[in-house]
Amino acid sequence: MIIDYTKIEEQLIEGFKGGNGQLQTRNYVDDKNKVMMSRLKPGANIGYHSHDVNSEIILCLSGQGHFQYDDTTETFSAGDVHYCPMGHSHAMYNDGDDDLVYFAIVAEHH
């Protein structure tokens, strides 16, 4: 199955998960997974949240930033992969001057 993001309507979300700034995202969603192609604007962040029934894998395609992952801070840039297993928490911050472009998969575990 090919997911063609050009055929998925883009959503503009302000303050995603309680964060600040703007997220642009195109999402494919079924009952087991959410597969996202997204852009986090400069200075924006996705709020700190828990993955109680799912896990998330994020591949940074361009840009740079940091994650607050449980009690640690992790910096990342293009090519890096962040994994937030079920039972853990994280927030993502765009620290750069350009959009932070990433591909993410949230897999449900119920």
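Above: the structure in question.
Here is a short report on the structure shown in this document.

The rules behind each value
Along each chain, residues carry numbers from 1 onward, in the same order as the chain's sequence is written. Reporting in this predicted model follows two pLDDT cut-offs: at least 70 for local features of residues, and 80 or more for side-chain atom pairs to be given and counted; totals over whole chains, interfaces and linings ignore these cut-offs and use all residues. The side-chain figures draw on all heavy atoms in the structure; neither hydrogens nor water molecules are used. The numbering of helices and of strands both runs from the N terminus, where a helix is a DSSP run of H or I of at least 4 residues and a strand a run of E of at least 2. Radius of gyration: C-alpha atoms only; globule rule: 2.2 Å multiplied by the number of residues to the exponent 0.38. Only protein chains enter the accessibility calculation, which uses a 1.4 Å probe; a residue whose area is less than 20% of its type maximum is buried, one above 50% is exposed, and one in between is partly exposed. Only heavy atoms enter the contact rule, under which two residues are in contact if any of them lie within 4.5 Å. In this tally Asp and Glu are treated as negative and Lys and Arg as positive; neither His nor the chain ends contributes. Taken as the charge location is NZ of Lys, CZ of Arg, CG of Asp or CD of Glu. Within this analysis, patches are made of residues with over 30% relative accessible area and no salt bridge. Like charges are joined at 9 Å or less; nonpolar side chains (Val, Leu, Ile, Met, Phe, Trp, Tyr) at 5 Å or less. All accessible areas in this document rest on Shrake-Rupley with a 1.4 Å probe, and a residue is counted as covered only by the protein chains that are shown. We define a salt bridge as a contact between a side-chain nitrogen of Lys or Arg and a carboxyl oxygen of Asp or Glu at a distance within 4 Å. Whether two strands pair depends on DSSP finding at least two bridges between them. Pairs of N or O atoms are called polar contacts if they sit within 3.5 Å, as long as, within protein, a hydrogen donor faces a hydrogen acceptor (for residues adjacent in sequence, only side-chain-to-side-chain pairs). We define the nonpolar core as a collection of buried residues of types Ala, Val, Leu, Ile, Met, Phe, Trp, Tyr and Cys that are connected through side-chain atoms lying within 4.5 Å of one another.

**A closer look at the overall build of the chain**
Helices and strands together make up the secondary structure of the chain, namely zero helices and 10 strands. Listing the helices and strands of the chain from first to last along the sequence gives β-β-β-β-β-β-β-β-β-β. On C-alpha atoms alone, the chain measures out to a radius of gyration of 13 Å, which is about the 13 Å that the 2.2 N^0.38 rule sets for 110 residues. Taken over the C-alpha atoms alone, the chain extends approximately 35 × 30 × 25 Å along its principal axes. With 110 residues in all, the chain has 38% of them scored as buried. Of the contacts formed within the chain by residues at least 6 apart in sequence, a portion of 60% connects residues at least 24 apart. Charged side chains of the chain number 7 positive and 17 negative; the gap between the two group centres comes to 9 Å.

**Remarks on a nonpolar patch on the surface**
Taken together, the side chains of I57, V81, Y83 and I105 present a nonpolar region at the surface, about 350 Å² in accessible area. Within the element layout of this structure, V81 appears in strand β8 (residues 81–84).

**Comments concerning the pairing of strand β7 (residues 72–77)**
Here six bridges tie strand β6 (residues 64–69) to β7, and the two strands are oriented antiparallel to one another. The residue of β7 that forms the bridge with Y69 is T72. Once β6 ends, the chain turns through two residues before running back antiparallel as β7, passing D70 with a positive phi of about 50°.

**A closer look at the side chain of N27**
Topologically, N27 is positioned in strand β2 (residues 22–29). Note on N27: relative accessible area 17%, which makes it buried. Among the polar contacts listed, one links the side chain of N27 to the side chain of T25, at a separation of 2.6 Å.

**Digging into the pairing of strand β5 (residues 54–62)**
As defined by bridge partners, β5 adjoins strand β10 (residues 100–108) across eight bridges and the pair is classed as antiparallel. Each residue of the ladder has a partner; that of N54, found in β10, is E108. Relative to β8, β5 is paired through four bridges, and the arrangement is antiparallel. Bridge pairing in β8 places L59 opposite V81.

**A short note on the nonpolar core**
L40, I58, F76, M92, L100 and Y102 are the most contacted members of the largest nonpolar core, which totals 14 residues. For this core, the secondary-structure elements that each account for two or more residues are β3 (33–40), β5 and β10. Top element by residues in this core is β10. It accounts for four residues. When residues no more than four places from it in sequence are discounted, the contact partners of L40 are Q22, L23, N45, I46, M92, Y93, N94, D99, L100 and Y102.

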